[in-house]
Amino acid sequence: MKSVKCVHCGDDCGKYPVVWEGKNFCCHGCKTVYQILNQNKLNKYYTIVDSPGVRVEKQEFGNKYAYLDNDEISEKILDFSEGNISKVTLFIPAIHCSSCIWLLENMHLMDKGVKNSLVNFTKKEVSITFNKEEVSLRRLVELLASIHYIPQITLDKSEGGKKPKTNTTLLAKIGVAGFAFGNIMLFSMPEYFSFRQELETNFSDFFSYINVLLSLPVLFFSSRDYILSAYKNLRHKIVNIDLPISLGILALVLQSYFEIFTKSGTGYLDSFSGFVFFLLIGKWYQDKTYKSLSFDHDYKSYFPVAVSRITQKGEESTPLKDLVAGNHILIRNQELIPTDGVVVNGHGNINYSFVTGESLPVAKREGDFVFAGGKQIGQAIEIKVKRNVEQSQLTQLWNQNTNKEKSFSHMTSLIDKLSKNFTIMVLVIAALTTIYWYMVDPSVALLAFTSVLIVACPCAIALSMPFSFGTAMRIFGHKGFYLRNTDVVERLTKIDTVVFDKTGTITYNRSKEVKMVMSELNPNEIVAVKSLARQSAHPLSTAVFDFFNADHIDVVDDFMEIPASGVKGKVDGKDLKMGSAAFVLGHESNEDAFTSEVYVSVDGIYKARFAIKSKYRKGIGEILSYLSKDKEIHLISGDNDAEKERLTKIFGISNNLHFNQSPNDKLEYINKLKAQNRKVLMIGDGLNDAGALNASDVGISIADDIYQFSPACDAILEASKFYRLQKFIRFSKTSFNIVKISYLISILYNIIGLTFAVQGMLSPIIAAILMPLSSVTVVGFVTFSTRITANARLK
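This section reports on the structure supplied with the text. (Residues numbered from 1 in each chain as written. Predicted model: local features only at pLDDT ≥ 70, side-chain atom pairs only at ≥ 80, totals over all residues. Heavy atoms only, no water.)

### Thoughts on the overall build of the protein chain
Looking only at helices and strands, one finds 27 helices and 28 strands in the protein chain. Looking at the protein chain as a whole, 51% of its 795 residues are labelled buried. At a minimum sequence separation of 6, the contacts of the protein chain that also span at least 24 residues come to 68%. Within the structure as shown, the protein chain displays about 36600 Å² of accessible surface, and the carbon and sulfur contribution to it stands at 54%. (Helix = DSSP H or I, 4+ residues; strand = E, 2+ residues; numbered from the N terminus. Buried < 20%, exposed > 50% of the residue type's maximum accessible area, 1.4 Å probe, protein only. Contact = heavy atoms within 4.5 Å. Areas by Shrake-Rupley, 256 points an atom, 1.4 Å probe, with all protein chains shown as cover.)

Structure representation (structure tokens):
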């Protein structure tokens, strides 16, 4: 009788399947999950991977998750909660395939209270932003459990976080396999030294049966993960690297048991136990190597930015890692709040889109709590730090905001296809090898078959790119160039067009020549202008702020910053405007401009004009000289064309220099270049060019000492390291070449290993040693090669 498989999980439905709309299910739980997905039009879940679900045993939760209605407990679990919007990160062990990712990232279709969700597949975590007025945390967890994605909920976040655990299970498996291997070899000594026939039959059989008993824990405990992994993936019609390993294990064991129980031979249990022992040793060593070379930094060494800390002596720039609870910090317009705190001065208007995806600002008054990751919009506010900066929080948020179109890696896609076909190819070679040796010398067939299955491994190919690019990313960080993720390294190698912003990007923020061309400001108005300039992080505002010596700062009300135009606000009852002539005067200036100019009006009366001459960053000439060799160079600036003649000499071009560009103009310019199939690198300061940075293939934000981090960028370059930009771009190509060489090494290893294996010249034990050794060798090569070349080329 033909078995009937469950549509949801793929298990056998037995004689009496549960039927709904002509579809068979093994139980009512699986049927309920299917109905939920069907009602919410999520049937695509079943088209990505056949039978992707996990069997559901029970759907009644009762009060199981009632504790989540307790506010004290939910606060410990939530990452963020402001107004109606909350965010939680849940660990879900059942995440196992692409269908899982697709379903969990479409939870908003199952409940309108879910705003967005993002899966971290490697960590088996899902971050969910939801409206707690529409769906509670309890209801959210029950929804996940109802489709059998049951979260494991802990309160670790409130108790100091999770500590890294030693993989004691793996060590136990190694111990069991090692113990069995040593003792099986001991009881096999008569066979090794050819005096087995001199033993009495009873002793000989006894030793063989002892070996069988010793092999059972190795089979059912030490090698269990490989066999289960192969079985589960086969159920979903996926062929992974664990399949040939499992076939090799089963072939050795079954053949050995057959020979021992039929008394036709002694089997290969020593080879089997040794194979598993060295395989696990290799896995342990691989894990240790991977962790020691880990490039998943915390952002203590990852973000170069600082904040303005308020002390008794005034304001001073302080690195984030030096912030402690109790410090007071200044957050200007469009600046990100780096850690949780309380507003102690000013009125906050916090945009939490970086955290939740919701862009509606939240009003905050003195005494209100604010979360890390919010962006202040409006006047500068003073915040008292409530907790030390969490090292990984902003890094996690930065990666969460990755543009998915950018994150696609052609090389990774190629590796995935190669790895998938590699296993099938190995199985074919193993089958042909077995057929050949069975006809020529049957005694060699099994060992040749097993050795082929074991020695061939695509792991080295798969590890080459992440370790090479990860090491490059780590080195870049030490040199002042901080990347969002390793994909950025690959994209940098493909750039053919570079677009620069001007103010704050190729010019220094603080090193400017400021001249007051005209002024009718009285002492009180000077204080008011300085107070207004203090609210903005724009380089021209900071230049005006630094120009005046007034110590007193007044409160600024109704502050507003208009990108590419200027700032305005009310100080001591007076309406102030500061910015371009068109913004302040209502028309363009009739005077010839040879510098950047800032106009000031008080209560609508033109009061002052500043001429600000920029100083260009060190190394700009060398950078442009290198980039122009094989790349097209552009400049888009929101400033006037006062320095066009000077910039023409520096850039060596005149047709690609564009001025008076609004943020939207910059975005459209990048999109126009991309429409021409150009691979665009945009370099800006993140103030008026966030859209352009996000739209480009790679966006680099230049970070001065003041905290101005743009989530839209893919990389942050310390302003003091700007002169190294061309070296960083050149080294990304070097890293890519190292990856190619490592691929060649991996392919050669597999060819040589298979050559010996198909000839029956390689024992399973030696193959088990070589398999993980190849991965470690390639990882070591790419890591140390990247470091050595970095030391030579990034001086």
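Additional details are given in the paragraphs that follow.
### Examining the environment of Asp-551
Tracing the chain through its elements places Asp-551 in the loop between helix 20 (539–547) and strand 19 (556–562). Expressed as a C-alpha distance, the spacing of Asp-551 and Ser-531, which sit 20 residues apart in the sequence, is 10.0 Å.

### Focus: the sheet that holds strand 28 (residues 715–718)
Strand order in the open sheet made by the seven strands is 16-28-27-26-17-24-25, with mixed pairing throughout. One side of each edge strand has no neighbouring strand; the edge strands of this open sheet are strand 16 (481–483) and strand 25 (657–658). The pairing of strand 17 (residues 497–500) with strand 26 (residues 680–684) spans four bridges and is parallel. Bridge assignment links Val-499 to a residue of strand 26, and that residue is Met-682. (Pairing = 2+ DSSP bridges.)

### So, the layout of surface pockets
Reported here for the second largest pocket is a volume of approximately 760 Å³. Looking at the second largest pocket, it is lined by 36 residues, and the ones nearest its centre are Ala-564, Ser-580, Gly-638, Asp-639 and Asn-640. Top element by residues in the lining of the second largest pocket is strand 22 (residues 596–602). It accounts for three residues. Of the residues belonging to the lining of the second largest pocket, the class tally is twelve nonpolar, 15 polar and nine charged. (1 Å grid on protein atoms, 1.4 Å probe; cavity = no way out; pocket = protein on both sides within 12 Å on 5 of 7 lines; lining within 4 Å. Points joined across faces, edges and corners; volume = space filled by probe spheres on them. Nonpolar A, V, L, I, M, F, W, Y, C, P; charged D, E, K, R; others polar.)

### Considerations on the packing of helix 16 (residues 442–455) against helix 26 (residues 725–758)
At a minimum axis distance of 8 Å, the contact between helix 16 and helix 26 shows a crossing angle of 170°. In terms of axis orientation, helix 16 runs roughly antiparallel to helix 26. Contacts between helix 16 and helix 26 pair Ala-448, Ser-451, Val-452 and Val-455 from the former with Tyr-749, Asn-750, Gly-753, Leu-754, Ala-757 and Val-758 from the latter. Residues that form the contact of helix 16 with helix 26 fall into these classes: seven nonpolar, three polar and no charged. (Axes fitted to C-alpha atoms, helices over the stretch in contact; angles between N-to-C directions. Parallel < 35°, antiparallel > 145°, perpendicular 65-115°, else oblique.)

### Overview of the side chain of Lys-364
In this fold, Lys-364 is placed in strand 12 (residues 362–364). Among the polar contacts made by the side chain of Lys-364, one reaches the side chain of Glu-82 at a distance of 2.5 Å. Among the polar contacts made by the side chain of Lys-364, one reaches the main-chain carbonyl oxygen of Phe-369 at a distance of 3.1 Å. Ignoring any residue separated from it by four or fewer positions in sequence, one finds Lys-364 in contact with Glu-82, Val-343, Gly-346, His-347, Gly-348, Ile-350, Tyr-352, Phe-369 and Val-370. (Polar contact = N/O pair within 3.5 Å; in protein donor to acceptor, adjacent residues only side chain to side chain.)

### Brief notes about a nonpolar patch on the surface
Where nonpolar side chains cluster on the molecular surface, the patch consists of Ile-424, Val-428, Leu-432, Ile-435, Tyr-436, Met-439 and Val-440 and spans about 710 Å² of accessible area. In this fold, Val-428 is placed in helix 15 (residues 410–440). On the accessibility criterion, Val-428 (45% relative accessible area) is partly exposed. (Patch = residues over 30% accessible without salt bridge, like charges linked within 9 Å, V, L, I, M, F, W, Y side chains within 5 Å. Salt bridge = Lys/Arg side-chain N within 4 Å of Asp/Glu carboxyl O.)

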